[in-house]
Structure formats: structure tokens, C-alpha cells
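Close look at the chain arrangement
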Amino acid sequence: MKFKNILIITAMSIIGLTSCNSNDYKDNPFFSDYGTYLEAPAFDKIKIEHYKPAFIEGMKQQQAEVAAICDNPATPDFNNTIWAYDKSGELLSKVSGVFFNMMECMSNDQMLELAEELYPMLSKHSDSIMMNPKLYGRIDYVYQHRNEMGLDDQQIRVVEKYHQDFLRHGAGLSATGQAKLSVINERLSTLSLQFGNNLLKENSNYKLVIDNKAELAGLPQSSIDAAAEQAKKDGIEGKWVFTLSKPSLIPFLTYADDATLRKQMYEAYYNRGDNNNEYDNKAIIKEMLTLRLQKANLFGYDNYANYVLDVNMAKDDKTVDKFLSDIFKAANKLAKKELAEMQKISKPNKIERSDWWYYAEQLRKAKYDFDENYIRPYLSVGNVRNGMFMAANKLYGVTFEQRADIPVYFEGVETYEVKDFDGTILGLLYLDFYPRESKSGGAWCTSFREGGYDINGVWHPALIQLVMNFTPASGDAPALLTWDETETMWHEFGHSLHAFFSKGKYSRTCGNVPHDYVEMPSQIMENWAGEPEVIRMYAKHYKTGEVMPDSLIAKIENSALFNQGFMTTELIAASILDMKYHELTDLDEIDNMDVDQFEKQQMNAIGLIPEIQPRYRSTNFSHIFNGGYSAGYYAYTWAEVLDKDAFNYFKTSGDLFNPELAKSFRINCLQECGNDEGMVQYKKFRGQEPSIEPYLEARGLK
């Protein structure tokens, strides 16, 4: 699960930028109002040939906006400099909000080729404004005089944040340093795109084709039916096709009795990007690490991690290292106990990495009489979706009404109008549930347009997209979710609430939080999903409408701590691997690095048991090499400490939907979250810093 921020490029100039001709404007939906409800993207009109002209024109328009700021003869002040800059780039934001989302969920060769052309252009575009001496000079003037201009607290914060942004993006470097940084940024943008494209190809190129029904032994009928459907799509009806998408992969690793086939699927998934073929990512990783260290050194940091963390809640690598180390020791110890338990039931077979899911499921059945296939009939996509809508209504009074008149980019994408408790329109929510070859793996929340005010002070509601890769419908049954998929939907929904509720006059601070805070609003919703009181609201049998019986709910509760050693260990191991890469200080060490050996050495050094790998191996760790989480994967765990503490506050109040706490959480942690530093905002809600105890209890680590 990941939260993807749309790349919104700020205003700047590009030398020799080509103007658009009249043909580029003709029938291009980006160059006028869409004419849709709430100005939702006109997906029924947008074509691939519309993107490039819109990007070029968007950059051109920002050139003019930035030039107007720089050439203004008036003394720099908040309105003529900060406000003008904050609201610049409307067209570029408009086209970016569509293109980069479509790159993730509707990709094709044409999109990939266009992205390869656009990324370097946009990188230069971004660098030229952040290193624009006239613009920085005006921002610096306002910064130096901010306490003398009669500004309110939020205006001062916006000034300080923009001043910090410009310094962190090269405004204070020498001309030579700026030139080096520009080259680095351009190359990094290209490499990141290549890394992600390689993974997309590796995912789509692998398929396990089974034509012997005996090899399906152990698999639930829903997985068998889905594999048959996939085979039919692939033109080989009568066989069964399993892919590396999670809805296909995880059931196979969990239930398939054939250990050889399980190992084949496991290795295909974990070796993505590490097959020494045209999609291999090892060289890309080394070059990215080199460039990131060079970038950090330009700003005076000894490693890239400290450059990143300087503006996060954690502040430095030593804090993160200790945080992760303490949790890893407890988690690894628990994982060893889990392994010993599984080894007893696997005899005489020694458990390998590819066996963990399978034997964990066997142990869960033995210990808790829990079979996930018993609960899935109660967890249809529609029921789970409606449940999270009901929970949000009980907490915040918001409502969700499905709309059939909103253009969508793919058949089956659902759209909902979101209204506040007083009827105010908060925006539109797009739900994209199922995997396809054109879609990246995982789950995320992003926006086609963030909610905010334009230069004229007019509020535009948010247009939010949730993208998942859930097990699709098969046979006569609707799409039935696993418990993990249920939590995933609620998680991403939490991100959307953060986006809908964020309110502020200034784009720079509206909803803007440190990286290690951003997962808290999403992860806290997972807590409600698993509460018996809430489960009874939405878990209803798809055939009979019967509410999930208390006996099954009790099994979900009783098994909540099951396998937490494994899940926490693999998560923290990946977080540590991320930090180790970005704590490197020696360029020669990177140059001489063997990526596979480095990964192995770091995992051996922390004592990771051989039966567990980090959640993502280096060559498919898209969070840190393609997703904006470099030196930041720890943020999921850091934020989990916050969310567990916050939810515990609700529970101990005696009311899961405590209206006073819900109002305070919404205002301080979602709506006004960008008004001050992350911990300051959290303490406004909680009254104190978070305790780690609820996290340790939830993970079974104490």
C-alpha cells in the first residue's frame, strides 16, 4: 500500500520552449473548461495526443506568471510574490493531475514513450524556477521581513516553507552547484521512470500456466475460477493462468499444495528486476544511489538520508535507525517463535521462504480454526465499500452518493459525490478496484485535482482517486475480498478523507504534512475496519444478507496477532535496507557495489532469519526507487505509532465514534494538519506525544 503524490511542477522558465500552434489547441480538452460536473476530467474526450501540447503550454504559461512576479517593480510582499507564486501553474497542474495518474493505472507503450520525453523537460522546468535568482531574491526579501509585514501566522508559515523549499532545491548554491544539481535531477527523473517501467514489464511478462488440474490442489475455488478467467482472456481457455498480481499470487502461495510451483511463483515475484535481462534494475539502483549522494553532498549533508529526514518528524538517520532497530529485535524474536511452531507441522520438510504463507495458513487453521475462505463471502467489494462510507458518516457526518454522469477512464471505475455534514460538496471519489496489465501493482490514493483556492479566491473541491488491485469477481459470485484487501481499502480511504478534509487558503500548506506523518490518516482507518461493532455494520453474506456471525468475528479478533512477527519483521527489514542504501557516504563504495550482495550483507548484519526476506527486494523496491519514499519507508511504522495511539484514545473513551474526539481529530490532524509541524498538530488532538505501547500491543511485540 502506498500514497502517491501527483507530480505538480511549479512555475519556471525553459529556454527555447516551443509554442503551441492552433492545431494543438483544437479540440484539446485541457485548454478549456471540461464542461463536466465539478470540472472532473473529461476522460471521454482526452486522447494521448492532447498531453504534450498541454504540458508545453502549461510550462509556457508559468513562464509568463513567474516573469510577472520577477519583473514586478513593487517591493516584494506576500501578495505580489508568495501568493502569486502559490497560485501559479494552473494548466500544468491540470494536465499533470491526469497524465501521471494514467501512467500508473492505464499505461501503454505510447504513454511510456511520452513520459520518457516529458520527464527531462519537466525536471529542467522545475529546476529553473527553484534556481531562479530573481524569484528567490523576492521570496528571500519577504522571508527576511516577514515579521514586519503584518502577516498572520499562516502567511508566515507559508513564507518560511517556500523559503526552505527554494534553499533545498538549489537557490543558495553557486552557479556551478546549480548546474550540477540540474543534471542530477534530470537524470534521476529518467532513472526513476525506467525503474518503474521495468517492473511493469516484469509483472506483465510472467505467467504460470497450469494445464494439469491436479496441480491446483489446495487452492480455493475462487482462485481456480479467477485463473480460468485469466486463461480465457489470454486465449488459452481450458487452462489456468496465475500472474504476479497480489490477488493471484498471495492465494497461490497460501493454499497451493505443490511446493515446487509455490517456489516458482515466489521466486518470480521476488526476483523481479533481478533477472539480468533488459528489465534488470541493478545498474539503475547504483546510478540513482550515486546521484542521490552527490545531491546530498551539494547541500552539505554526509548522506542522502539526512538530506531527506531534515524536514521530517524524525529529523535524522540516528533517530530512525534506533527506532527501527528496537522494533526489529522484538519482531525478529517473535518471527523465530512463529517459525518454530510452523516447523512442527511441516515435518519432515524444512520450511523455505516460499513456504511461509502456506504453513502459516495451516497453523492458523490449527490454532484458531480460522479459514479466510469462511469470511470472504461476507466481504464483497460493495459491502466493504459501504461499510467504510458508513463509518466515515458516523465519525464526520459525510455522505457518498454514486454518480453515473461522471466520465471515467476505464469501464467499472465507480464515482461518488462526497458531501460534508452540512451539505457542502467536498469533491468526487473515484474507485478503481481490479488489476489489469496496464496498471501498476499495489494500492494507492492520489488526486486528479487537490482541493484548494485559485488566484481569485474561489474554492475548487478535490477530485480523489483510490486505486487497488483486488481479487475480481469469478463465476456467479461478486468480488469477495480477503481480510488484507479489506484493510487495504479502508487504508486508502483514510488517505481520501485526509484529502477531502484538508482546508487552507495556501497550496503550500493545505494538507501538507511531513512524509512520516502522511500514513497516519490512512492507517488509523484500518483500526475501525476490524472492530466487531463496525464489522457488523458491513460484513454481510453476499447471498443471504446475513450479518457475519459473532463466532467468525471472534476468530478475526483472536487471530489478529497471528503471524505479526513475520509481517513486522519483513516490513522493518525493508525499512532498514532503505536506510542502509541512503546512509552510504562513499561514492567509491557505491561504484564497486554488488546490489544483491549488499542486500544480503545488510540483512545478515541485522540477523534476519533466512526464511524471511525484506518485504521488497532492492530491484523491485519501487517505494524508494520509483515512488518518493527514499529514506522514508520507515514512515509507515512511524505513522503506525501515531495511529495506534490515536485510535486507543477513541477506544478508551468508551465510544469508537466519540463525536468530540472525531471533531478534534478532523480539525487538528486532517483539516488543519499543515498549519504547524506534525507533532504540534498531533498534540493538539491528543494532548500529549504518542505512546508506543498501543503499537507494541497491536503488533504482539510485548
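Values in this document were obtained by computation on a predicted structure and should not be read as measured data. (Residues numbered from 1 in each chain as written. Predicted model: local features only at pLDDT ≥ 70, side-chain atom pairs only at ≥ 80, totals over all residues. Heavy atoms only, no water.)

So, on to the overall build of the chain. Looking only at helices and strands, one finds 29 helices and nine strands in the chain. Whereas a compact globule of 702 residues would reach a radius of gyration of roughly 27 Å, the chain reaches 25 Å, a difference of no more than 12%. When the backbone C-alpha atoms are referred to their principal axes, the chain occupies close to 80 × 60 × 55 Å. When the 702 residues of the chain are sorted by exposure, 58% land in the buried category. Long-range contacts, defined as pairs at least 24 residues apart, comprise 75% of the intrachain contacts of the chain with a sequence gap of at least 6. Of the roughly 28300 Å² of accessible surface on the chain, a fraction of 48% belongs to carbon and sulfur atoms. (Helix = DSSP H or I, 4+ residues; strand = E, 2+ residues; numbered from the N terminus. Rg over C-alpha atoms; globule rule 2.2 N^0.38 Å. Buried < 20%, exposed > 50% of the residue type's maximum accessible area, 1.4 Å probe, protein only. Contact = heavy atoms within 4.5 Å. Areas by Shrake-Rupley, 256 points an atom, 1.4 Å probe, with all protein chains shown as cover.)

Between helix 27 (residues 659–671) and helix 28 (residues 678–686), the least distance of the axes is 9 Å, while the angle of their chain directions is 165°. By the angle between their axes, helix 27 is roughly antiparallel relative to helix 28. For the element pair helix 27 and helix 28, the recorded crossing hand is right-handed. Side by side, helix 27 and helix 28 meet where Leu661, Ser664, Phe665, Asn668 and Cys669 of the first sit next to Gln681, Tyr682, Lys684 and Phe685 of the second. For the contact of helix 27 with helix 28, the residue count by class is five nonpolar, three polar and one charged. (Axes fitted to C-alpha atoms, helices over the stretch in contact; angles between N-to-C directions. Parallel < 35°, antiparallel > 145°, perpendicular 65-115°, else oblique. Left-handed = near helix turned anticlockwise from the far one by under 90°. Nonpolar A, V, L, I, M, F, W, Y, C, P; charged D, E, K, R; others polar.)

In space, the five strands of this open sheet follow the order 3-4-5-9-6, with mixed pairing throughout. Of all strands in the sheet, those with a lone pairing partner are strand 3 (399–402) and strand 6 (444–449), marking the two edges. Each strand axis lies, on average, 30° off the axis of its neighbour in the sheet, ignoring direction. The pairing of strand 3 with strand 4 (residues 414–419) spans four bridges and is classified as antiparallel. Of the residues in strand 4, the one forming a bridge with Thr399 is Lys419. Where helix 18 (residues 483–501) meets the sheet, its contacts fall on strand 3, strand 4, strand 5 (425–432), strand 6 and strand 9 (462–467), and the angle it forms with strand 9 comes to roughly 170°. (Pairing = 2+ DSSP bridges.)

Another aspect to go through is the pairing of strand 5. Most of strand 5 is tucked away: seven of the eight residues are buried. Here six bridges tie strand 4 to strand 5, and the two strands are oriented antiparallel to one another. Along strand 5, the bridge assignment pairs Glu417 with Leu428. Hairpin remark: strand 4 followed by strand 5, antiparallel, with five residues in the connecting loop; positive phi at Gly423, about 90°. Relative to strand 9, strand 5 is paired through six bridges, and the arrangement is parallel. Bridged to Asp432 within strand 9 is Val467.

This brings us to the nonpolar core. Leu429 and Trp528 are the most contacted members of the largest nonpolar core, which has 161 residues in total. Counting residues in hydrophobic clusters, the runner-up holds 38 residues, among them Phe55, Leu114, Ala115 and Phe448. (Core = buried A, V, L, I, M, F, W, Y, C linked by side-chain atoms within 4.5 Å.)

The next thing to look at is helix 21 (residues 550–558). Since one α-helical turn is 3.6 residues long, residues separated by three or four positions face the same way. All buried positions along helix 21 are accounted for by Leu552, Ile553, Lys555 and Ile556. For helix 21, the angular spread of the buried residues around the axis is 155°, confining them to a single face. Check the buried side of helix 21 and you find it contacts helix 15 (356–368), helix 16 (372–375), helix 18 and helix 20 (532–538). (Arc of directions from axis to C-beta.)

A few words on the environment of Ala330. Tracing the backbone through its elements, the reader meets Ala330 in helix 14 (residues 317–346). You can call Ala330 partly exposed: its relative accessible area is 27%. Sequence spacing of Ala330 and Tyr270 is 60 residues, and the spatial spacing of their C-alpha atoms is 25 Å.

Here we come to unusual backbone geometry. Backbone torsion omega between Lys347 and Pro348 reads 5°, so that peptide bond is classified as cis. The residue Pro348 is located in the loop between helix 14 and helix 15 in this model. Although it is not a glycine, Leu38 adopts a positive phi angle of roughly 60°. Of note, Asn563 is a non-glycine position whose phi angle comes to about 65°, a positive value. Mapped onto the fold, Asn563 is located in the loop between helix 21 and helix 22 (564–582). On the basis of relative accessibility, which here comes to 12%, the residue Asn563 falls in the buried class.

This next bit is on the packing of aromatic side chains. According to the stated counting rule, one finds 52 aromatic pairs in the structure shown. Ring plane angle 70° and centroid distance 6.0 Å describe the contact between Phe55 and Phe100, whose orientation is recorded as edge-to-face. Highlighted residues: Phe55 in helix 2 (residues 51–70) and Phe100 in helix 4 (residues 90–105), separated in sequence by 45 residues. Taking the centre distance of 5.6 Å and the plane angle of 55° together, the rings of Phe400 and Phe493 count as tilted. In this pair, Phe400 is assigned in strand 3 and Phe493 in helix 18, connecting sequence segments 93 residues apart. Side by side, Phe400 and Phe493 carry an identical accessibility label, which is buried. Through successive ring pairs, a cluster of aromatic residues spans Phe30, Tyr34, Tyr51, Phe55, Phe99, Phe100 and Tyr119. Taking NZ or CZ as reference, Arg262 lies 4.0 Å from the ring centre of Tyr358, over its face. (Phe/Tyr/Trp six-rings, centres within 6.5 Å; stacked < 30°, edge-to-face > 60°. Lys NZ or Arg CZ within 6 Å of the ring centre and 35° of its normal.)

This paragraph deals with the confidence of the model for the chain. Scored by pLDDT, the chain comes out at a mean of 94, with 97% of its residues at no less than 70. This stretch, residues 1–20, has a pLDDT under 50; its non-local contacts, to residues over four places away or in other chains, come to 78 contacts. (pLDDT = per-residue confidence, 0-100.)

Looking now at the state of the cysteines. Overall, the coordinates contain zero disulfides when judged by the stated rule. This cysteine, Cys105, is not joined by any disulfide, and Cys445 carries the nearest cysteine sulfur, 13 Å off. Here Cys510 is not cross-linked by a disulfide; its sulfur's nearest cysteine counterpart is in Cys673, at 7.6 Å. The class of Cys510 is buried, set by a relative accessible area of 16%. (Disulfide = S-S within 2.5 Å.)

Following the criterion strictly, the structure yields 40 salt bridges and no others. Between Asp645 and Arg686 there is a salt bridge, with the nearest N and O atoms lying 3.0 Å from each other. Placement of Asp645 in helix 26 (residues 635–652) and of Arg686 in helix 28 is noted, with a sequence separation of 41 residues between them. Among the charged side chains, a salt-bridge network with shared partners connects Asp274, Asp280, Lys282, Asp596, Glu599 and Arg617. (Salt bridge = Lys/Arg side-chain N within 4 Å of Asp/Glu carboxyl O.)

In this fold, Ser354 is placed in the loop between helix 14 and helix 15. Residues within four places of Ser354 in sequence aside, it is in contact with Leu253, Arg262, Lys263 and Tyr266.

A rise of 1.5 Å per residue sets the reference length of helix 27, with its 13 residues, at 18 Å; its end C-alpha atoms lie only 16 Å apart and thus fall more than 12% short of the reference. Listing the buried residues of helix 27 in full gives Leu661, Ala662, Ser664, Phe665, Arg666, Asn668, Cys669 and Leu670. You can read the cap of helix 27 off the contacts: a side-chain oxygen lies 3.0 Å from the backbone nitrogen of Glu660, and it is on Asn658. (Expected span 1.5 Å × (residues − 1). Polar contact = N/O pair within 3.5 Å; in protein donor to acceptor, adjacent residues only side chain to side chain.)

Moving on, we come to a negative patch on the surface. There is a patch of like negative charges on the surface, built from Asp586, Asp588, Glu589 and Asp591. As for its position among the elements, Asp591 is in helix 23 (residues 587–591). (Patch = residues over 30% accessible without salt bridge, like charges linked within 9 Å, V, L, I, M, F, W, Y side chains within 5 Å. Lys, Arg positive; Asp, Glu negative; His and termini not counted. Charge placed at Lys NZ, Arg CZ, Asp CG, Glu CD.)

Here we take up the side chain of Asp371. Positionally, Asp371 belongs in the loop between helix 15 and helix 16. We classify Asp371 as buried; its relative accessible area is 13%. Within the structure, the side chain of Asp371 is placed 2.9 Å from the backbone nitrogen of Asn373, a separation counted as a polar contact. Not counting the four nearest positions on each side in its chain, Asp371 is found in contact with Tyr255, Glu361 and Lys365.

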